[in-house]
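For reference, the chains in residue letters:
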Amino acid sequence: DAGITQSPRHKVTETGTPVTLRCHQTENHRYMYWYRQDPGHGLRLIHYSYGVKDTDKGEVSDGYSVSRSKTEDFLLTLESATSSQTSVYFCAISSGIFSYEQYFGPGTRLTVT
Amino acid sequence: GQQLNQSPQSMFIQEGEDVSMNCTSSSIFNTWLWYKQDPGEGPVLLIALYKAGELTSNGRLTAQFGITRKDSFLNISASIPSDVGIYFCAGQLMIRGQGSGNTGKLIFGQGTTLQVKP
């Protein structure tokens, strides 16, 4: 199994509160990604990183920000959580060296009430 | 945005039967990946395809990269109860003129839910 952990695994929060999800990898991979998974929508890319301090937006980035200060950690922040951000969030990593295979973490289930 | 059309959306089959699912797009891809997701867990990579026409097997699973680069197929032979789950295809777009600056971003199909009756 790829060395990817996500924390917390479950979180319930109230509308308007800030939330930060953490993805930690032990593989020293260059690329890291945040996805959300919702019924009927599959996996949708929120933000991704192609190196320390190098990030870019995905297809559903509104309301989310990210930071990557170390190779091993990629943080996803909801500045002011809304009910529409209730979802399961997955982190993925990829070495990006002649291979774009992505390996996923176990996920974080976030409920915004 | 770009889309992958994955079908069927769901399948309910008898143990021992073979299963086929596919993904199609109007866009050209240079990589196709197939994942399986069990309830409450993250997707797990099953097979990766990198060349048009490529046929790759992983145990009872066989996947093919379509010759047009716009589609891919996954077959499961002699299904067993532990095959139950959601199967996703994912593709990386071929972008003209892009050299080494590829970001590795993938587009995912909406998934095929497989149920197997013992």
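Let us look at the structure shown here. (Residues numbered from 1 in each chain as written. Chains lettered and ligands numbered in written order. Predicted model: local features only at pLDDT ≥ 70, side-chain atom pairs only at ≥ 80, totals over all residues. Heavy atoms only, no water.)

**Quick look at the nonpolar core**
- Core analysis: the biggest nonpolar cluster contains 23 residues, and Trp32, Trp34, Leu74 and Leu114 of chain B have the highest contact counts within it.
- Looking at this core, the elements that each hand over two or more residues are strand S2 (10–14), strand S3 (19–24), strand S4 (29–37), strand S5 (44–49), strand S7 (61–65), strand S8 (71–76), strand S9 (85–93) and strand S11 (112–117) of chain B. (Core = buried A, V, L, I, M, F, W, Y, C linked by side-chain atoms within 4.5 Å. Buried < 20%, exposed > 50% of the residue type's maximum accessible area, 1.4 Å probe, protein only. Helix = DSSP H or I, 4+ residues; strand = E, 2+ residues; numbered from the N terminus.)

**Observations regarding the pattern of salt bridges**
- Within this structure, the stated rule accounts for six salt bridges over all chains.
- Among the ionic pairs, Asp38 of chain A bridges to Arg36 of chain A, the shortest N-O distance being 2.8 Å. Note on accessibility: Asp38 of chain A and Arg36 of chain A belong to one class, buried.
- Measuring nitrogen to oxygen at the nearest pair gives 2.8 Å for the salt bridge that ties Arg60 of chain B to Asp83 of chain B. (Salt bridge = Lys/Arg side-chain N within 4 Å of Asp/Glu carboxyl O.)

**So, the interface of chain B and chain A**
- Every contact between the two is made by 20 residues of chain B and, on the other side, 20 residues of chain A.
- Summed over both partners, the interface of chain B with chain A comes to about 1,600 Å²; 57% of that surface belongs to carbon and sulfur atoms.
- Counting every contact that joins chain B to chain A gives zero salt bridges.
- The set of elements that each furnish at least two residues to the side of chain B that touches chain A consists of S4, S5 and S9 of chain B.
- The element that contributes the greatest number of residues to the side of chain B that touches chain A is S4 of chain B, accounting for three residues.
- Grouping the amino acids of the side of chain B that touches chain A by side-chain chemistry returns nine nonpolar, nine polar and two charged. (Contact = heavy atoms within 4.5 Å. Buried area = accessible area lost by both parts, 1.4 Å probe. Nonpolar A, V, L, I, M, F, W, Y, C, P; charged D, E, K, R; others polar.)

**Brief notes about the packing of aromatic side chains**
- For the coordinates displayed, the defined rule picks out twelve aromatic pairs over all chains.
- When the centroid spacing of 5.4 Å and the interplanar angle of 90° are considered together, the rings of Phe104 of chain A and Tyr35 of chain B count as edge-to-face. In this pair, Phe104 of chain A sits in strand S10 (residues 103–104) while Tyr35 of chain B sits in strand S4, so the two residues belong to two different chains. Each member of the pair Phe104 of chain A and Tyr35 of chain B is classed as buried.
- Among the aromatic side chains, those forming a connected cluster through ring pairs are Tyr31, Tyr33, Tyr35, Tyr48, Tyr50, Phe90 and Phe104 of chain A together with Tyr35 and Phe108 of chain B. (Phe/Tyr/Trp six-rings, centres within 6.5 Å; stacked < 30°, edge-to-face > 60°.)

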